[in-house]
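# Breakdown of the fold
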Amino acid sequence: MKDRLLLAIKGVAIFGVAVHHIANRRFDPQANHWLGFLSFSFDWCVLAFFCVSGYLHALSDQKRKKPATDFIIKRARRLLAPFVLLVIFYACIWQLLEILKIPDIATKVPSGFFDKIITSLWPVYHPVAEQLYFLPMLFGASVLFILIQRALGLYGVATLAAGTFLTGLILFPGAFTGFTLGVFIWGLCFYAGGYLLYQFRDQKKRVEIVVLVVSLALIVATGAAGVVHAVPLLLICYGSWLALDRSSLLINTGEASGTIYIYHTPFLIQPLVIIASHFHSAPLQVLGGIVAALISIALCYALHFSLKGTKAEVILI
């Protein structure tokens, strides 16, 4: 049941990821204001993926704890190799569009092919696909986590969770998404938190009390941002109450979330958003942006399940 809940949480979170990519300079300012509020409501989405990853790491450790070197090599193959290949893939598409002189494109990426790649390998400024930063960031967080966990054990994990939590509250209270130190610190915190949630899953009441105390601390310290930060932990603890794990659509979307994450933007969602920007009222533009996100998710969902189990599934994550 817990695996179904984790997939369902990823299914909700991936919608939030898509929502973060529908605001557009072509929209009416009022439409972007409303979309900004919607985006803020899902600012927890990236942290949820860190939290779920930590939970699954603990589940894997229970089945068979791998040597740290094996874990790191496997993670590099799983995250870094696809990251580099996807950067090259997206750079090629951008380059082709520039050669074809498609109007009003490539305003946010370097003009040179190798500049596109170099910029995107450290994705701080105008990468070829803004969502790809999560792959190297998750790799870095999981590698640092396992080094601490193997050296210091469960107490080291708890110390890591507490230390990054306090650091995040003090130095990076508003960090949610993007390739920044703040997001990396919070990512480590939620990765360690997910790991601990699994380790103490049998102590349900104690876990719920800790999660509520942590959530209250977040809210008191940072207000609305604290509410958003607390969502991943609360969903893992109380998601079953919301019947998230009973929705086949959410569960399947969660299973396809990796494919959705890497392919939904920029070349699916952005053309749809540009179409929506031609609507003549802010409410219609907002609706058009949301529909653009849903269509992009649906196309990637279809791609995932059409290729799953075939030789072509190597392009999926």
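In this report, we go over the structure that sits alongside the text. (Residues numbered from 1 in each chain as written. Predicted model: local features only at pLDDT ≥ 70, side-chain atom pairs only at ≥ 80, totals over all residues. Heavy atoms only, no water.)

### Brief notes about the packing of helix 7 (residues 181-199) against helix 9 (residues 224-238)
How we decide: Fitting a line to C-alpha atoms yields each axis, with helices limited to the stretch in contact; the angle taken between N-to-C directions then spans 0 to 180 degrees. Helix and strand assignments follow DSSP, with helices taken as H or I runs no shorter than four residues and strands as E runs no shorter than two, numbered in order from the N terminus. Roughly parallel covers angles under 35 degrees, roughly antiparallel covers those over 145, roughly perpendicular covers 65 to 115, and oblique covers all other angles. In a left-handed crossing the near helix is turned counterclockwise from the far helix by less than a right angle, and in a right-handed crossing that turn is clockwise. Should any heavy atoms of two residues lie within 4.5 Å, those residues are counted as being in contact. Three residue categories are used. Nonpolar comprises Ala, Val, Leu, Ile, Met, Phe, Trp, Tyr, Cys and Pro, charged comprises Asp, Glu, Lys and Arg, and polar comprises the others, including Gly.
The N-to-C vectors of helix 7 and helix 9 enclose an angle of 15 degrees; their axes lie 11 Å apart at closest approach. Our classification of the angle between helix 7 and helix 9 gives roughly parallel. For the element pair helix 7 and helix 9, the recorded crossing hand is right-handed. Packed against helix 7, whose contacting residues are Trp186, Phe190 and Leu197, the element helix 9 presents His229, Pro232, Leu233, Ile236 and Cys237 at the interface. Class assignment for the residues of the contact of helix 7 with helix 9 results in seven nonpolar, one polar and no charged.

### Description of the pattern of salt bridges
Formally: Every case where a carboxyl oxygen of Asp or Glu lies within 4 Å of a side-chain nitrogen of Lys or Arg is listed as a salt bridge. With a 1.4 Å probe rolled over the protein chains alone, any residue whose accessible area is under 20% of its type maximum counts as buried; one over 50% counts as exposed, and the rest are partly exposed.
Evaluated as defined, the whole model comprises four salt bridges. The partner of Asp61 in a salt bridge is Arg150, with the nearest N and O atoms 3.7 Å apart. One end of the pair, Asp61, is in helix 3 (residues 45-63); the other, Arg150, is in helix 6 (residues 134-171), with 89 residues separating them in the sequence. What makes Arg150 partly exposed here is its relative accessible area of 29%.

### Section: unusual backbone geometry
A negative phi angle characterises most non-glycine residues, just as the trans form characterises most peptide bonds. The omega torsion across Thr265 and Pro266 is 10 degrees, close enough to zero to call that bond cis. Turning to its location among the elements, Pro266 is positioned in the loop between helix 11 (257-263) and helix 12 (269-276). The phi torsion at His126 lies on the positive side, around 55 degrees, for a residue other than glycine. Relative to the assigned elements, His126 resides in the loop between helix 5 (113-121) and helix 6.

Function cannot be inferred from these measures alone, as they are strictly geometric.
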